[in-house]
Amino acid sequence: MPNRLTRWIIIALVLGILSGYVAFAYFPASSASFAEIASLLPFVFLRLIKMIIAPLVFATLVVGIGKMGDIVTVGRVGGKALAWFISASVLSLTLGLVLVQIFEPGKAMSLPIPDATVSSGVQAGALTLKGFLTHLIPVSVIESMAHNEILQIVVFSLFFGVALASLGERSKSVIEVLDAVAHIMLKVTGYVMLFAPLAVFGALASIVAKEGLGIIKVYGLFMGEFYLALLTLWVLLIVLGGLVVGPRIMQLIRRVREPAILAFSTASSEAAYPKTLEELERFGCSNRIASFVLPVGYSFNLDGSMMYCTFAVMFIAQVYGIELSIAQQVLMVTILLFTSKGIAGVPRASLVVIAATLPHFNIPEAGMVLLLGIDHFLDMGRSATNVIGNSIATAVVSKWEGELQPSSDTGVAVAEPSESRLS
């Protein structure tokens with residue numbers, strides 16, 4: 001079934017591009033209407049995914065923490081996860097900074113320079129300490145679930161899970177109920193994923209019918225170099241992950257190819273979350289580790305998005321002929337290392353971070369206008385990279401904790417005796 005679904009997603013991706021191009025090139029009068037209708041398919045699919053995520057994150061994370069036993073274990077796992085997240089963040093930001101200066105797309109492309117007074121339309125005001133705390137600490141867990149604030153759900157689940165663990169036998173029945181809820185939500189995920197090919201078709205058909213393939217030709221150099229940078233990041237993350245996990249790291253990459261393709265096609269890491277969690281379990285990651293590291297990683301370990309931040313900022317600086325000193329570049333990496341951790345729940349997160357960073361170095365915000373037209377195509381690569389990065393992080397932490405089990409040929413993890421699959 002997984003291989004068949006992957007095949008259908010790839011077919012839908014190709015058909016989406018072709019139908020979008022036909023609408024744009026041969027039926028320009030109706031291409032906008034076609035794009036609007038096609039966009040309803042990913043719209044419906046993403047709403048179905050959002051319907052799943054909150055109860056799935058809450059149930060799996062609480063069960064996992066409840067079975068960890070104590071706050072010491074939670075702190076140890078969290079510390080290891082954050083150590084990897086910070087290391088991967090520095091790698092992503094630095095690699096983007098270095099490669100954009102090697103490629104110099106802002107100079108090579110000779111693009112028209114937007115007037116410095118032009119507004120990009122991207123609001124950067126959300127990136128404040130208060131804004132970060134707002135996205136971190138929930139006022140109401142019901143409100144957090146209603147708005148899919150994953151980081152807030154994680155915070156509440158941490159408190160709830162630790163409280164369950166502290167009650168010992170008295171909480172066993174609650175854990176069993178939530179364990180059943182998690183299994184039910186994974187089953188619902190299977191049903192929802194049947195709609196994935198339609199969503200992929202609609203997403204690609206809509207964007208190509210609206211923008212055409214000409215914009216890719218104009219920005220081909222920038223996009224090609226950015227995707228080459230992402231590929232380089234993939235290789236480095238896989239090598240580093242392999243140092244911990246071993247040769248099985250390539251098996252992990254094969255297993256998460258479907259959620260990565262889904263994230264790429266829909267330009268949404270969130271769309272791939274349920275399937276990524278399921279594939280990590282099948283790979284052999286303990287669910288109590290996966291259900292903890294993965295949702296936290298979705299807020300703190302967006303490797304593709306972070307690389308794009310330095311890549312885009314330096315690209316805009318190159319367009320305007322602005323040279324940044326080594327000290328300024330180090331400061332940029334430091335600023336982005338912290339501001340990128342506060343983007344959970346912020347729409348168009350990477351663009352918001354970039355808009356907040358540019359003024360620190362007197363780079364005109366108007367330069368972002370150059371990127372808005374191709375941001376969807378760039379977001380496809382960023383989303384897939386975020387999935388790969390968080391999958392590797394989860395496998396690494398599972399290995400560090402001694403809870404990376406072997407997987408069978410059928411792709412189902414070998415569970416420990418007397419433990420449920422969500423233990």
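Residues numbered from 1 in each chain as written. Predicted model: local features only at pLDDT ≥ 70, side-chain atom pairs only at ≥ 80, totals over all residues. Heavy atoms only, no water.

I tried to follow helix 3 (residues 40-68) on my own but got confused; where do I start?
Since the α-helix advances by 3.6 residues per turn, residues separated by three or four positions end up pointing in the same direction. With 29 residues, helix 3 should cover 42 Å at 1.5 Å per step; its first-to-last C-alpha distance of 42 Å lies within 8% of that length. At Ile-53, helix 3 is deflected by roughly 25°, the largest bend along its length, and proline Pro-55 occurs up to four residues later in sequence. (Helix = DSSP H or I, 4+ residues; strand = E, 2+ residues; numbered from the N terminus. Expected span 1.5 Å × (residues − 1). Bend = angle between axes of the 7 residues up to and from the residue.)

What is the right way to read the nonpolar core from this model?
Within soluble globular proteins, side chains that are nonpolar generally end up buried alongside one another. If you look at the biggest cluster of nonpolar residues, it comprises 124 residues, and the most contacted ones within it are Phe-45, Phe-222, Tyr-308, Phe-315 and Ile-392. Counting residues per element, this core draws most heavily on helix 3, at 13 residues. With residues near it in sequence (within four places) discarded, Phe-45 still touches Val-192, Met-193, Phe-195, Ala-196, Ala-199, Leu-262 and Ala-271. (Core = buried A, V, L, I, M, F, W, Y, C linked by side-chain atoms within 4.5 Å. Buried < 20%, exposed > 50% of the residue type's maximum accessible area, 1.4 Å probe, protein only. Contact = heavy atoms within 4.5 Å.)

Explanation requested: the pattern of salt bridges in the structure shown.
Side-chain pairs of opposite charge can arise whenever the charged atoms involved come near each other. For the coordinates displayed, the defined rule picks out 12 salt bridges. One salt bridge in this structure joins Lys-80 and Glu-401, with 2.6 Å as the shortest N-O distance. Taken together, the positions of Lys-80 in helix 4 (residues 71-103) and Glu-401 in the segment after helix 21 (375-400) put the pair 321 residues apart, joining distant regions of the chain. By relative accessible area, which is 24% here, Lys-80 ends up partly exposed. In this structure, the salt-bridge partner of Glu-278 is Arg-282, at a minimum N-O distance of 2.8 Å. Residue Glu-278 and its partner Arg-282 are both found in helix 15 (residues 273-283); the two are separated by 4 residues, about one turn of the helix. It is possible to trace a salt-bridge network through shared partners that takes in Glu-258, Lys-275, Glu-278, Glu-279 and Arg-282. (Salt bridge = Lys/Arg side-chain N within 4 Å of Asp/Glu carboxyl O.)

I tried to follow the side chain of Lys-275 on my own but got confused; where do I start?
Among the structural elements, Lys-275 can be located in helix 15. Contacts of Lys-275, omitting those with residues within four sequence positions, involve Thr-189, Met-193, Glu-258, Pro-259 and Arg-282.

Whenever I open this one, a nonpolar patch on the surface confuses me. Can you help?
A contiguous nonpolar patch, built from Trp-8, Ile-10, Ile-11, Val-14, Leu-15 and Leu-18 and spanning about 560 Å² of accessible area, is present on the exposed surface. Examined against the element boundaries, Trp-8 turns out to sit in helix 1 (residues 2-26). Overall, the relative accessible area of 51% leaves Trp-8 in the exposed class. (Patch = residues over 30% accessible without salt bridge, like charges linked within 9 Å, V, L, I, M, F, W, Y side chains within 5 Å. Areas by Shrake-Rupley, 256 points an atom, 1.4 Å probe, with all protein chains shown as cover.)

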